[in-house]
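Coordinate analysis (summary)
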Amino acid sequence: MFDRVDPNVSFPSLEEELIKIWDKEKLFDRVQEKTVQGKPFVFFEGPPTANAKPGLHHLVARAFKDAVPRYQTMRGRRIDRKAGWDTHGLPVELQVEKKIGITNKKAIEKYGIANFNKQCREDVWSYISEWQEITRRIGYWLDFENAYVTYHTDYIESVWNILKQVHDRHDSLSRSLLYQGYKVVQYCPRCGTALSSHEVAQGYKTTTDNSVYVKFKTEDGLNILVWTTTPWTLPGNVALAVGPRIDYVIVSENSHQNKFVVAKLLFEELRAKGIIDGEVIDIVKGEELIGKSYRPLWPNAIKDNTRAFKIVPANFVTTEEGTGIVHIATMYGEDDYNLGNEFGLPFVHTVDEDGKFLIDGPLFGQPVKDATSESLIISYLKDSGALSTVLPYEHEYPFCWRCDTPLLNYARSSWFIRMSELRQEMLSRNATVNWVPSSL
């Protein structure tokens, strides 16, 4: 017969009693000693950051991370169970910024980078005792005494060593697998960092911004009508893109004094909105517009204009909204950047990494996502005769999940690894992995 379970049992007390027995018998050490000659099974602890208390999601992850090594240990495999601590990154920096009253990166330089780093190294251990205690209480066995720490010199050197090996490896054209280039990313000018797609997904909000319809005048007198929801990118314009097989109408207004070009399928919609009116005098394919030159909106913003300010073809142009013609700013959109590479367009930043304009005039030094800046842009377009219409536009826009700053599509200089060169090697190794479920 089994003993009856006390209905008033204290599970926390049972838990503590069991852990005391484990500690007294040095159970973890004995298991490690017993499997020391076993075939190694490598399983690194994905390192948490101890600058905040562990949450429920951390406990769930740690339970999974304990189950795999425990199973492999029961099979006789040797697993070092090395603990780890992530001591780098924005979560630590932002917490310290709040603590010492800093609001931007320039303030960190004024405060002193060495002092700031020292503060970060101290703050990152704020809750280490809570992490170790909860790890102990859920029975997750880890070697904390020999934990790896990402700010330790030996760890940093190991990362540099890996990069050195990548640098020394070359592709079929004798190019290093490690190279420097640009990548258009969702960028937070406040935090000074790019955000991953998962981070971007956390910060979308429904917001209403001003969209503008702008007239780009060609050398032969046509007004190419373009719509954009990001007026701040207009000073960085280097080209206009059309769909080669799309039909475009030439619309005459004011007794042929003004001739506008828009996609045929969008003409009636634009007329209903009061953006354009007049008589259709011709229909042309987009390919007939390719190569036409036009006058830049900001003549001095792009110095290298020999390769700029032309109409080019693009397969991403649609007639679903706008005018069927896309304004191209190579540094502020992924499609724009790729098109720039395809047609040799200039790559010139008109905005710095603090999110402020670099162009001469009233806009210089102004934040791009700012009501004053937008007002200056619209006034400039109106005075130059390039402005057609301003309309509010409600859409989903990404904000930084950390600081609530509007994100910018921004081409940043970065280091890359030519992973396409490793495609076959990665596929062959991937085939040896037992994916569960296999659809992964």
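As a convention, each chain's residues are numbered from 1 in the sequence order in which they are written. Note on the predicted model: pLDDT of at least 70 is required for a residue's local features to be given, and 80 or more for side-chain atom pairs to be given and counted; whole-chain, interface and lining totals, by contrast, use all residues. For side-chain calculations, the full set of non-hydrogen atoms in the structure is used, while hydrogens and water are omitted.

1. Points about a nonpolar patch on the surface
- Nonpolar side chains collect at one region of the surface, where Leu56, Val60 and Phe64 lie side by side and expose about 350 Å² of accessible area between them.
- Structurally, Phe64 can be placed in helix H3 (residues 56-74). Only residues whose relative accessible area exceeds 30% and that take part in no salt bridge are eligible for patches, with like-charged residues grouped when within 9 Å of each other and nonpolar side chains (Val, Leu, Ile, Met, Phe, Trp, Tyr) grouped when within 5 Å. The Shrake-Rupley method, run with a 1.4 Å probe sphere, supplies the accessible areas, and residue values consider only the shown protein chains as cover. Definition used for salt bridges: Asp or Glu carboxyl oxygen within 4 Å of a side-chain nitrogen of Lys or Arg. The secondary structure listing takes helices from DSSP runs of H or I that are at least 4 residues long and strands from runs of E that are at least 2 residues long, numbered from the N terminus.

2. What about the packing of helix H4 (residues 90-100) against helix H6 (residues 113-123)?
- Where helices are involved, their axes are fitted lines through C-alpha atoms of the stretch in contact, as for all axes, and angles between N-to-C directions lie from 0 to 180°. Following both chains from N to C, one finds H4 and H6 inclined at 110°, their axes separated by 9 Å at the closest point. Between H4 and H6, the crossing angle belongs to the class labelled roughly perpendicular. Of the residues in H6, those touching H4 at Val92, Glu93, Gln95, Val96, Glu97, Lys99 and Ile100 are Phe116, Gln119, Cys120 and Asp123.
- Partitioning the contact of H4 with H6 into residue classes produces five nonpolar, two polar and four charged. In these notes the angle categories are as follows: under 35 degrees is roughly parallel, over 145 is roughly antiparallel, 65 to 115 is roughly perpendicular, and the rest is oblique. Every residue pair with non-hydrogen atoms within 4.5 Å of one another is taken to be in contact. Throughout this entry, Asp, Glu, Lys and Arg are counted as charged residues, while Ala, Val, Leu, Ile, Met, Phe, Trp, Tyr, Cys and Pro are counted as nonpolar. The remaining residues, Gly among them, count as polar.

3. Concerning the pattern of salt bridges
- Under the defined criterion, the tally for this structure stands at 28 salt bridges.
- Between Asp171 and Arg175 there is a salt bridge, with the nearest N and O atoms lying 2.7 Å from each other.
- Several salt bridges share partner residues, and in doing so they unite Glu16, Asp23, Glu133 and Arg136 into one network.

4. Observations regarding the packing of helix H1 (residues 11-24) against helix H7 (residues 128-137)
- Closest axis-to-axis distance for the H1/H7 pair is 10 Å, and the angle between their directions is 95°. Relative to H7, the element H1 lies roughly perpendicular. Of H7, the residues touching H1 (which contributes Pro12, Glu15, Glu16, Ile19 and Asp23) are Glu133, Arg136 and Arg137.
- Looking at the contact of H1 with H7 residue by residue, the classes come out as two nonpolar, no polar and six charged.

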